[in-house]
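Residue strings, one per chain:
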Amino acid sequence: MKDKLGRPLRDLRISVTDRCNFRCRYCMPPEIFDKDFKFMPKTEILTLEELAYMTKLFVKAAGIEKVRITGGEPLMRQNLVHLISMIKEIEGINDIAMTTNGSLLPSQAKSLKKAGLERVTISLDSLNDEKFKYINGRNIGVQSVLDGINSALKADLQVKINMVVKRGMNEEDILPMARFFKDKGVILRYIEYMDVGNTNGWKLDHVVSKKEIFSIINKELPIEPVDPNYLGEVADRYKYKDNDNEIGIISSVTDAFCSTCSRARLSADGNLVTCLFASKGHNLRDFLRAGASDEEMITKIKEIWTNREDKYSEERLSHTDKKEIKKIEMSHIGG
Ligand SMILES: Nc1nc2c(ncn2[C@@H]2O[C@H](COP(=O)(O)OP(=O)(O)OP(=O)(O)O)[C@@H](O)[C@H]2O)c(=O)[nH]1
Ligand SMILES: C[S@@+](CC[C@H](N)C(=O)[O-])C[C@H]1O[C@@H](n2cnc3c(N)ncnc32)[C@H](O)[C@@H]1O
Ligand code: SF4
Ligand code: SF4
């Protein structure tokens, strides 16, 4: 099954909650996501069983093999271990990963691994405690994320680190992060700051480009490109010349990768979203709860994917001088 631009559906990213214990200023600015902010009501959120069932439908509809659990903060969802174990049982799924801020991992890493989680990507934007406390908007120190990383490694999970780079926020942390993680057996990935949602005040000037990130690292720690692991990998891979450790750079802004984008996103309230920058999703929840059969659900998923023609990042620069379009917030669909 291919979309209108010839792209298959391979990778399902499931957001299990729109809530988070952090308020990263580039994702959920605390002034907007405050005590009056209306998060999704519980009745609208898919149950763990519904999420697992939806995953099964995506396997049947498209043969997806890879699932990434995300949020909001996925570890805030109760009994997530149960969801992982249900997904693990689905024939055809051979890669279960999670993106998390890491702070709640120490108490959960072992049981997640036991349930079938193989990989975690942990977000960390600075090793400077004061700066990190400011960025996450909740005064949470670096050590709680480092504890999360250590607990994941101890539980034998594969670990990657995501660092969003924003000019004026943390570009001076690019090198310290590289130095710190270089020999730790984890892959650090730098992400160009993106214009997801409408609340983070994104400007093109805030973007530190892939080229710039490469040159900052390469000057002190020489690196060279490595071939992608698979077609459509979002990160460009590089390895250090003096050892085999790797870093990645994700360049959605300056070097878009829409032409190989095979990712579908399912929000916690059951909307199928075909692009990170979409204005809205396709409501699968109500269709499911109205009693649609497996066949009807599968037909619907296929219909949505085959009509897909998203390529926002390739067209981004032509959007910036126009009136801003409404986009789903990152905390709804999880990156
Ligand atoms: N524009 C855009 N950005 C994306 C897309 N997918 C991922 N990203 C960005 O890249 C970041 C890292 O993505 P991950 O989920 O860690 O990457 P992944 O490709 O699933 O990781 P691996 O499976 O380990 O290769 C996300 O948090 C987003 O910020 C996409 O389809 N479009
Ligand atoms: C939305 S979070 C959800 C999962 C989890 N709460 C976390 O932070 O890892 C997923 C990823 O998106 C990244 N992200 C959030 N806002 C972004 C933005 N405006 N540009 C680029 N990446 C962003 C985060 O840093 C994180 O790595
Ligand atoms: S990036 Fe992740 S941790 Fe930070 S506010 Fe967004 S959802 Fe929460
Ligand atoms: S902008 Fe949309 S179509 Fe392009 S890579 Fe990202 S999610 Fe895929």
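Per an unreviewed UniProt entry, the protein chain carries the name GTP 3',8-cyclase and comes from Evansella alkalicola. Recorded in UniProt for the protein chain, the comment headed Catalytic activity (unreviewed entry) runs: "GTP + AH2 + S-adenosyl-L-methionine = (8S)-3',8-cyclo-7,8-dihydroguanosine 5'-triphosphate + 5'-deoxyadenosine + L-methionine + A + H(+)". In its Function (unreviewed entry) section, UniProt records this for the protein chain: "Catalyzes the cyclization of GTP to (8S)-3',8-cyclo-7,8-dihydroguanosine 5'-triphosphate."

Student: What's the story with the site of ligand 2 in this structure? I'm lost.
Tutor: The environment of ligand 2 is made up of 19 residues, and the closest members are G72, T100, S123, V164 and M194. Take T100: an N or O atom from its main chain is 3.2 Å from an oxygen atom of ligand 2. Elements represented by at least two residues in the shell around ligand 2 include exactly strand 3 (95–100), strand 5 (158–165) and strand 6 (187–192).

Student: Can you help me understand the side chain of N101 in this one?
Tutor: Tracing the backbone through its elements, the reader meets N101 in the loop between strand 3 and helix 3 (109–115). The class of N101 is buried, set by a relative accessible area of 6%. A polar contact of 3.0 Å, which involves the side chain of N101, links it to the side chain of N21. In this structure the side chain of N101 is engaged in a polar contact, spanning 2.8 Å, whose partner is the side chain of S103. If we skip the residues at most four places from it in the chain, N101 touches C20, N21, F22, E73, I122, S123 and V145.

Student: Honestly, the UniProt feature "domain: Radical SAM core" (unreviewed entry) in the protein chain in this entry has me stumped. Any pointers?
Tutor: Mapped onto the present numbering, the UniProt feature "domain: Radical SAM core" (unreviewed entry) falls at residues 4–224. Strand forms 17% of residues 4–224 and helix 32%; the C-alpha atoms that close the span are 35 Å apart.

Student: Please explain the UniProt feature "binding site: S-adenosyl-L-methionine" (unreviewed entry) in the protein chain as it appears in this structure.
Tutor: Here the UniProt feature "binding site: S-adenosyl-L-methionine" (unreviewed entry) sits at Y26, G72, S123 and M194. Among the structural elements, Y26 can be located in the loop between strand 1 (11–15) and helix 1 (48–62). When its relative accessible area of 13% is taken as the criterion, Y26 is described as buried. Along the chain, S123 turns up in strand 4 (residues 119–123). For S123, a relative accessible area of 23% translates into the label partly exposed. Ignoring any residue separated from it by four or fewer positions in sequence, one finds S123 in contact with T99, T100, N101, V145 and N162.

Student: Help me understand the nonpolar core, please; the structure alone is not making it clear to me.
Tutor: Proteins that are soluble and globular tend to have nonpolar side chains buried together. The biggest cluster of nonpolar side chains holds 103 residues, and the ones touching the most others in it are I69, L83, I161 and Y190. For this core, the element with the most residues is helix 1, which contributes 8 residues. Each residue touching I69, except ones within four places of it in the same chain, is listed here: I14, V16, P74, L80, L83, I84, I87, A97, M98 and T99.

What counts, and at which threshold
- Residues numbered from 1 in each chain as written.
- Chains lettered and ligands numbered in written order.
- Predicted model: local features only at pLDDT ≥ 70, side-chain atom pairs only at ≥ 80, totals over all residues.
- Heavy atoms only, no water.
- UniProt positions renumbered as here; feature names shortened; annotations may be inferred.
- Near = heavy atom within 4 Å.
- Polar contact = N/O pair within 3.5 Å; in protein donor to acceptor, adjacent residues only side chain to side chain.
- Helix = DSSP H or I, 4+ residues; strand = E, 2+ residues; numbered from the N terminus.
- Buried < 20%, exposed > 50% of the residue type's maximum accessible area, 1.4 Å probe, protein only.
- Contact = heavy atoms within 4.5 Å.
- Core = buried A, V, L, I, M, F, W, Y, C linked by side-chain atoms within 4.5 Å.

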